[in-house]
Amino acid sequence: MDHIAYLRKANEVAKRARAGGNTPFGAILVDREGNVIMEQGNAEGDLHDATAHAERMLASRASAAFDRKKLWDCTLYTTFEPCPMCTGAIYWANIGHIVFGATERKLLELTGADDKNPTFAMGAEAVIAAGQKNIELLGPFEEFEAEAAEVHKGFWDPDNHGNG
């Protein structure tokens, strides 16, 4: 699979999330044949729900829509490394593969101390390692990091309070 092409599709979802007034994150779900079967942007502002991260919401929707066997063969593409909450949701949904563009550490460089995204100093790998499933985790992709970061420019400005 062309990971960069799918990461770019997830980034388009992130751009739409930002344009809609939400935090600029996006995720897509790709089946084993390479079809995008679901997409999700962050919807925190829309839902007034601080847990409405793109990856968590996609995992929840996918779990309700598809059986566990199908999901094990799917890949969740996301612009930035999933946080521990989102990685846990992906784990419980039984999605077998995660591909992310840039690290949680890189995200912290962009967001700083913005209270809309108090990032963890723990990546997805630690969450997966603590579980019982052999979920494949790929990322970051250095050639994509600048594209992922571009969507965030100006959004996390401390004087802007996340309103880009």
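Rules used in this analysis
Residues numbered from 1 in each chain as written. Predicted model: local features only at pLDDT ≥ 70, side-chain atom pairs only at ≥ 80, totals over all residues. Heavy atoms only, no water. Core = buried A, V, L, I, M, F, W, Y, C linked by side-chain atoms within 4.5 Å. Buried < 20%, exposed > 50% of the residue type's maximum accessible area, 1.4 Å probe, protein only. Helix = DSSP H or I, 4+ residues; strand = E, 2+ residues; numbered from the N terminus. Contact = heavy atoms within 4.5 Å. Axes fitted to C-alpha atoms, helices over the stretch in contact; angles between N-to-C directions. Parallel < 35°, antiparallel > 145°, perpendicular 65-115°, else oblique. Left-handed = near helix turned anticlockwise from the far one by under 90°. Pairing = 2+ DSSP bridges.

Engineer: Is there a simple way to think about the nonpolar core in this case?
Structural biologist: Generally speaking, a soluble globular protein has its nonpolar side chains buried in company with each other. Grouped together as the largest cluster of nonpolar side chains are 18 residues, with contacts concentrated most on Leu29, Leu58, Ala59, Leu71, Leu76, Ile90 and Ile95. Of all the secondary structure elements, the ones that give two or more residues to this core are strand 1 (26–30), helix 3 (54–65) and helix 5 (84–93). Not counting the four nearest positions on each side in its chain, Leu58 is found in contact with Ala27, Ile28, Leu29, Met38, Glu39, Gln40 and Leu76. Membership of the second largest hydrophobic core comes to 17 residues, among which are Ile4, Val13, Phe25 and Phe80.

Engineer: So what exactly am I meant to see when it comes to the packing of helix 3 against helix 5 here?
Structural biologist: A pair of packed helices is characterised by two quantities: the angle between their axes and the separation of those axes. Running from N to C, helix 3 and helix 5 point in directions that differ by 15 degrees, and their axes come no closer than 8 Å. Judged by the inter-axis angle, helix 3 sits roughly parallel to helix 5. Crossing geometry of helix 3 relative to helix 5 is assigned as left-handed. Residue-level inspection shows Glu55, Arg56, Ala59 and Ser63 of helix 3 in contact with helix 5, the latter providing Met85, Cys86, Ala89, Ile90 and Ala93.

Engineer: Could you clarify how one ought to interpret the sheet that holds strand 3 (residues 75–80) in this entry?
Structural biologist: Each strand in a sheet pairs with its neighbour through backbone hydrogen bonds, running either in the same direction (parallel) or in the opposite one (antiparallel). Spatially, 2-1-3-4-5 is the arrangement adopted by the 5 strands of the open sheet, whose pairing is mixed. The open sheet has two edge strands, strand 2 (36–41) and strand 5 (136–138), and neither has a second partner. For this sheet, the mean inter-axis angle between neighbouring strands, taken without regard to orientation, is 15 degrees. The pairing of strand 1 with strand 2 spans 5 bridges and is antiparallel. When the sheet's bridge partners are listed, Val30 is paired in strand 2 with Val36. Strands strand 3 and strand 4 (97–102) of the sheet are contacted by helix 8 (residues 142–150), whose axis makes an angle of about 65 degrees with strand 3.

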